[in-house]
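Architecture and fold: a report
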Amino acid sequence: MPDYREKLWPSPWLFIIIALVIPASLLVFLPISVLAGILTGAGLYLGSALLLVLASPTVTVAGGVLTAGRARIETRLLGEAVPVEGADATLERGQKLDARAWLLIRGWIAPVVRIPLTDPTDPAPYWLVSSRRPQKMAAAINGSRRPASSN
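Residues numbered from 1 in each chain as written. Predicted model: local features only at pLDDT ≥ 70, side-chain atom pairs only at ≥ 80, totals over all residues. Heavy atoms only, no water.

1. A few points about the overall build of the protein chain
- Assigned secondary structure in the protein chain consists of five helices and eight strands.
- Listing every helix and strand of the protein chain by position from the N terminus yields β-α-α-α-β-β-β-β-α-β-β-β-α.
- Taking 2.2 N^0.38 as the reference for a compact globule, 151 residues should give roughly 15 Å; the C-alpha atoms of the protein chain span a radius of gyration of 20 Å, well beyond that estimate.
- Principal-axis analysis of the C-alpha atoms gives the protein chain an extent of 70 × 35 × 25 Å.
- A burial count over the protein chain gives 36% of its 151 residues as buried.
- Taking the intrachain contacts of the protein chain between residues at least 6 apart in sequence as the baseline, contacts between residues at least 24 apart amount to 67%.
- Looking at the protein chain as shown, the accessible area adds up to about 8800 Å², and 64% of this sits on carbon and sulfur atoms.
- Within the protein chain, one finds 15 positive and 10 negative side-chain charges whose respective centroids are separated by 7 Å. (Helix = DSSP H or I, 4+ residues; strand = E, 2+ residues; numbered from the N terminus. Rg over C-alpha atoms; globule rule 2.2 N^0.38 Å. Buried < 20%, exposed > 50% of the residue type's maximum accessible area, 1.4 Å probe, protein only. Contact = heavy atoms within 4.5 Å. Areas by Shrake-Rupley, 256 points an atom, 1.4 Å probe, with all protein chains shown as cover. Lys, Arg positive; Asp, Glu negative; His and termini not counted. Charge placed at Lys NZ, Arg CZ, Asp CG, Glu CD.)

Structural data, given as structure tokens:
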């Protein structure tokens, strides 16, 4: 059982926005055929919505490992995760962003969690991950950190 799991689903307003492909395709195809316009609009909308859902990454903290999308890292290699919300989150994604940082951010999810890396061999100074529940994600990461084994 994971300590934390979140699917970064698109916001409902995003599905409303992509519905604009329907009138756009009608404008293009109505002079050719009403049926072609309707079918193209519906197909483009459904295809776009399906792509948004299928491309939604999952963030998981389980067994001392943080998985964000396809990336994985042991939590023992992480510093203190910090939840960032509001105007500070906007700054973290913009003016304060380090170009070397590893990002899993989604424009429709404002809060982020800043996760510093303590591994000196990793070129990224930190991970920045979108989350609708940044406090819980940060707590799960910080709580799952395990000391390095002494072999």
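2. What to know about the sheet that holds strand E1 (residues 4-7)
- Taken in spatial order, the four strands line up as E1-E2-E3-E4 in an open sheet, and their pairing is antiparallel. In this open sheet, the two edge strands, each paired with only one partner strand, are E1 and strand E4 (71-74). On average, adjacent strands in this sheet sit at an angle of 10 degrees to one another, irrespective of strand direction. (Pairing = 2+ DSSP bridges. Axes fitted to C-alpha atoms, helices over the stretch in contact; angles between N-to-C directions.)

3. Notes on the domain arrangement of the protein chain
- On domain assignment, one finds that the protein chain holds domain 1 (6-55) and domain 2 (60-145).
- On the domain 2 side, the residues contacting the ten residues of domain 1 number nine residues.
- With both sides pooled, the region where domain 1 packs onto domain 2 buries about 750 Å², and carbon together with sulfur makes up 51% of that total.
- Area buried by domain 1 at its contact with domain 2 is led by Glu6, Leu8 and Ser11, which between them contribute 67% of it.
- One can count zero salt bridges joining domain 1 with domain 2.
- Among the elements of the structure, E1 and helix H1 (12-18) are those that each provide at least two residues to the side of domain 1 that touches domain 2.
- Looking at the side of domain 1 that touches domain 2 residue by residue, the class counts come to seven nonpolar, one polar and two charged. (Domains from an automatic or database assignment. Buried area = accessible area lost by both parts, 1.4 Å probe. Salt bridge = Lys/Arg side-chain N within 4 Å of Asp/Glu carboxyl O. Nonpolar A, V, L, I, M, F, W, Y, C, P; charged D, E, K, R; others polar.)

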